[in-house]
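Single-letter residue listing:
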Amino acid sequence: MKEDTTKKTVVNSWNEWDPLKHIIVGRADGTMVQAPELAVQRDWPEQGFPLGTYGPYPKEMEEKANEQLDNFAKILESRGIRVDRPTPLDFSQTVQTPDWVQNSMFGCMPPRDLLLTVGNEILEATMSFRSRWFEYLCYRPLLEQYFKEDPNFRMEAAPKPRLTERSYKKDFWKEWNSLSKEKQYKYAEKSDWIPTEQEPLFDAADVVRFGKDLFVQKSMVTNDAGIDWLRRHYPDHRIHRVRYRDLTPWHMDTTLVPLRPGLVIFNPVRTPLEKAQRELFEKNDWEIIEGPKTVLDKKRPMTFCSIWLNLNILVLDPKTVCVEASETPVIELLNKHGLEVIPVPFYEVSPFGGGLHCGSADVYREGTCEDYLPKQVKGF
Ligand code: ARG
């Protein structure tokens, strides 16, 4: 089917599963192993990027990733979904604000990290890496277009953070790297990650949308002030602050993955630290299934995501989902639950920032804001 360009632009999406009509898919062009900054540590000596060094990802990797991204876009278009793409910048350039200079940017593969669509609003997240501070510019051509085309679209941005050294815990990495695994898990229970509470910080991918309920994870990129900011920004929603048994957590889309009303996947090793979350789903008769392990025995080189990208699923509608093509265990599990699975090869993209959910951002899903969890748990 050809894309219907006469279709009206509508910005609207309340959850992760309503019928998808319009989406943004990222690009790998020019992605950088970002220059050192307080928030990030990259250490890939075998690929030529030992700690403290930076530079572009190898061209060959970039091309393979772009092939898979283009193919993903084609698959979506063949199902009548409109697909837009960001405009990459020269990510190797030095950027600065009055507060700091950063020797490189990052890229624009994972639009999910930056763009949070709730109803007729797309909100640009604050982000919390200096290398990603200007990433929103890659999406401005699209947002400006939507603003012209959809009279109801609310184009919104969260306050840009200062990101001075006061925004990061001093010596976090030194302390973290000195801990044993066991002590790291102990540490994780406090959820006292690298961002301080100096200013609101969040990435959009630390939010999972369930209509009236939004789950927001405290993480390496989202602090309590950020969660509080979101709570004040969405006064008609219920914001649930969540944490998991996860080391240096960032982004929730391999941790808690809703598939349709009443069915959600939990990451089997990342037990929620807020026990109330499980209770909330149970009370409202949601079935919780545990995600199976990946078929991979190790991560791709230069991948800063975890091994759990097999659970990074993009739902097209409550009966149809996209899953990484090689991940038979997940595909079989979802088939068993009555879902049609579209296999999409995507692991060449993982070094550029994630899977099928990370690599996309909703513009339009049919549907309205509904209450899927009417029986609430007190204090959560
Ligand atoms: N914490 C997730 C993992 O590595 C992050 C996945 C990437 N997500 C994203 N939206 N970029 O398992």
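What comes next is a walk through the structure. (Residues numbered from 1 in each chain as written. Predicted model: local features only at pLDDT ≥ 70, side-chain atom pairs only at ≥ 80, totals over all residues. Heavy atoms only, no water.)

### Quick look at the state of the cysteines
Summed over all chains, the structure comprises zero disulfides. Distance from the sulfur of Cys322, which forms no disulfide, to the nearest cysteine sulfur (Cys358) is 14 Å. (Disulfide = S-S within 2.5 Å.)

### Things to note about the sheet that holds strand 15 (residues 287–290)
Taken in spatial order, the three strands make up an open sheet running 13-14-15, and their pairing is mixed. The strands lining the two open edges of the sheet, one partner per strand, are strand 13 (256–260) and strand 15. Taking each pair of neighbouring strands and ignoring which way they run, the sheet shows an average axis angle of 30°. Here strand 14 (residues 263–266) pairs with strand 15 via four bridges, running parallel. Its bridge partner lying in strand 15, Leu263 is registered against Glu287. (Pairing = 2+ DSSP bridges. Helix = DSSP H or I, 4+ residues; strand = E, 2+ residues; numbered from the N terminus. Axes fitted to C-alpha atoms, helices over the stretch in contact; angles between N-to-C directions.)

### Points about helix 5 (residues 224–233)
Within helix 5 the residues assigned to the buried category are Ala225, Gly226, Ile227, Trp229, Leu230 and His233. Buried-residue contacts for helix 5 involve strand 7 (115–118), strand 8 (121–124), strand 9 (154–157), strand 10 (207–210), strand 11 (213–217) and strand 12 (238–242). (Buried < 20%, exposed > 50% of the residue type's maximum accessible area, 1.4 Å probe, protein only. Contact = heavy atoms within 4.5 Å.)

### Some words on the pairing of strand 1 (residues 20–25)
Taking burial as the measure, the six residues of strand 1 include five buried ones, the bulk of the element. The pairing of strand 1 with strand 4 (residues 82–84) spans three bridges and is parallel. Bridge pairing links Ile24 to Asp84 in strand 4.

### Here we look at the sheet that holds strand 17 (residues 320–324)
The three strands are arranged 16-17-18 in an open sheet whose pairing can be described as mixed. The outermost strands of the open sheet, each flanked by one partner alone, are strand 16 (314–317) and strand 18 (340–344). Pairwise comparison of adjacent strand axes, ignoring direction, gives a mean angle of 30° for this sheet. The pairing of strand 16 with strand 17 spans three bridges and is antiparallel. Across the sheet, the residue bridging to Leu314 is Cys322, located in strand 17. In the packing of helix 7 (residues 328–336) onto the sheet, contacts are made with strand 17 and strand 18, and the angle to strand 17 comes to roughly 165°.

### Digging into the site of the ligand
The full set of residues close to the ligand is Asp113, Ala205, Trp250, His251, Asp253, Thr254, Arg270, Cys305, Ser306, Leu309, Gly353 and Cys358. In the environment of the ligand, a nitrogen atom lies 2.9 Å from a nitrogen or oxygen atom belonging to the side chain of Asp113. Note that an oxygen atom of the ligand is positioned 2.4 Å from one of the side-chain N or O atoms of Ser306. Protein chains shield 98% of the accessible area of the ligand, which is 350 Å² for the free molecule. Comparing atom positions with the cavity grids shows the ligand to sit within the largest pocket. A per-class count over the shell around the ligand returns five nonpolar, four polar and three charged. (Near = heavy atom within 4 Å. Polar contact = N/O pair within 3.5 Å; in protein donor to acceptor, adjacent residues only side chain to side chain. Areas by Shrake-Rupley, 256 points an atom, 1.4 Å probe, with all protein chains shown as cover. 1 Å grid on protein atoms, 1.4 Å probe; cavity = no way out; pocket = protein on both sides within 12 Å on 5 of 7 lines; lining within 4 Å. Sits in = over half its atoms within 2 Å of the grid points. Nonpolar A, V, L, I, M, F, W, Y, C, P; charged D, E, K, R; others polar.)

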